[in-house]
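Residue strings, one per chain:
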Amino acid sequence: MCDVLYCVREHVAWITINRPERANALARATITHLIDAFLAADRDPDVRVVALTGAGERHFCAGMDLRDVVEGGNEAYPHPMKDANRNVHEVLLEIGKPTVAVINGTAVGGGCELALACDLRVAVTDVKLGQPEAKVGMGANFAATLLPMLLPRSIALELLYTGRMMQAEEAARYGLLNRVIPRKSFDSVVRALLGEITMNAPLSLRKIKETSLRSWGMPPFSGLRLNVGPDCYSSEDRAEGARAFLEKRKPAFRGR
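Under an unreviewed UniProt entry, the protein has the name Enoyl-CoA hydratase and belongs to Bordetella genomosp. 10.

S.K.: Explain the overall build of the protein residue by residue, including any values.
M.R.: If you tally the helices and strands in the protein, you get 12 helices and 10 strands. Taken against the 2.2 N^0.38 rule, which gives 18 Å for 256 residues, the C-alpha radius of gyration of the protein at 19 Å falls within 12% of a compact globule. Seen through its principal axes, the protein has C-alpha atoms that stretch 60 × 40 × 35 Å. Considering the protein as a whole, with its 256 residues, one finds that 47% of them fall into the buried category. Sequence-distant contacts in the protein: of pairs separated by 6 or more residues, those separated by 24 or more amount to 65%. Accessible surface, the protein: about 13,400 Å² in total, of which carbon and sulfur atoms supply 54%. Of the side chains in the protein, 33 bear a positive and 30 a negative charge, and the two mean positions are spaced by 5 Å.

S.K.: An account of helix H6 (residues 141-150) is needed here, citing residue identities and associated values.
M.R.: Of the residues making up H6, those classed as buried are Phe142, Ala143, Leu146, Leu147 and Pro148. Residues of H6 that are buried make contact with helix H3 (88-93), helix H4 (110-117) and helix H7 (153-162).

The rules behind each value
Residues numbered from 1 in each chain as written. Predicted model: local features only at pLDDT ≥ 70, side-chain atom pairs only at ≥ 80, totals over all residues. Heavy atoms only, no water. Helix = DSSP H or I, 4+ residues; strand = E, 2+ residues; numbered from the N terminus. Rg over C-alpha atoms; globule rule 2.2 N^0.38 Å. Buried < 20%, exposed > 50% of the residue type's maximum accessible area, 1.4 Å probe, protein only. Contact = heavy atoms within 4.5 Å. Areas by Shrake-Rupley, 256 points an atom, 1.4 Å probe, with all protein chains shown as cover. Lys, Arg positive; Asp, Glu negative; His and termini not counted. Charge placed at Lys NZ, Arg CZ, Asp CG, Glu CD.

Below is the structure:
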């Protein structure tokens, strides 16, 4: 059984962690397959949005597979920024297209960090998120960097220091989740959100993503001068968008 599933439907690259028997935990092979999937989605011109989820309904991702750590000995998981391969969370963060964490179940540790690396996060009402690394001797390197940027600093540090789990409704109150959705309507609401994004101009999406990512933390005047991402202003899609607006029809964007 493949531990990462990849398919493209209606301009959305669906990447699914497929280890439900292990709570979709991340073994080393799973991490390698995720990186391959993220890079494939980033390269594919047909992909406009990347959606990351987990198989089943109980778990989005339970983080690092501790059985894999123990059986691999002390060298199984080196420092996340000193491995021979790129850090999976960093790869996801740097995808040049909009990314959405479709949190269908519990997101813990490295699994929660995958959600933090995405641009948008939507979750089922009854899920929990948390970073319990301090309880098992890990360092939460990615979360310790990103979480204080996404939450009030004191709240982020409380979560990291205590390792407590956060309910979806609490995460939404702090803006960590874009939407909290009842399970019975979860799939339809997620598809509608993804459809809203994919109907827009691909070059504009990439421009917005690149600008927002590279200007993060910069003074506004520095960010304005970055001029990163594709030039959507002189693109065919910009001309098509203007024509469609005047003709009162949906634009037919082609990503060029």
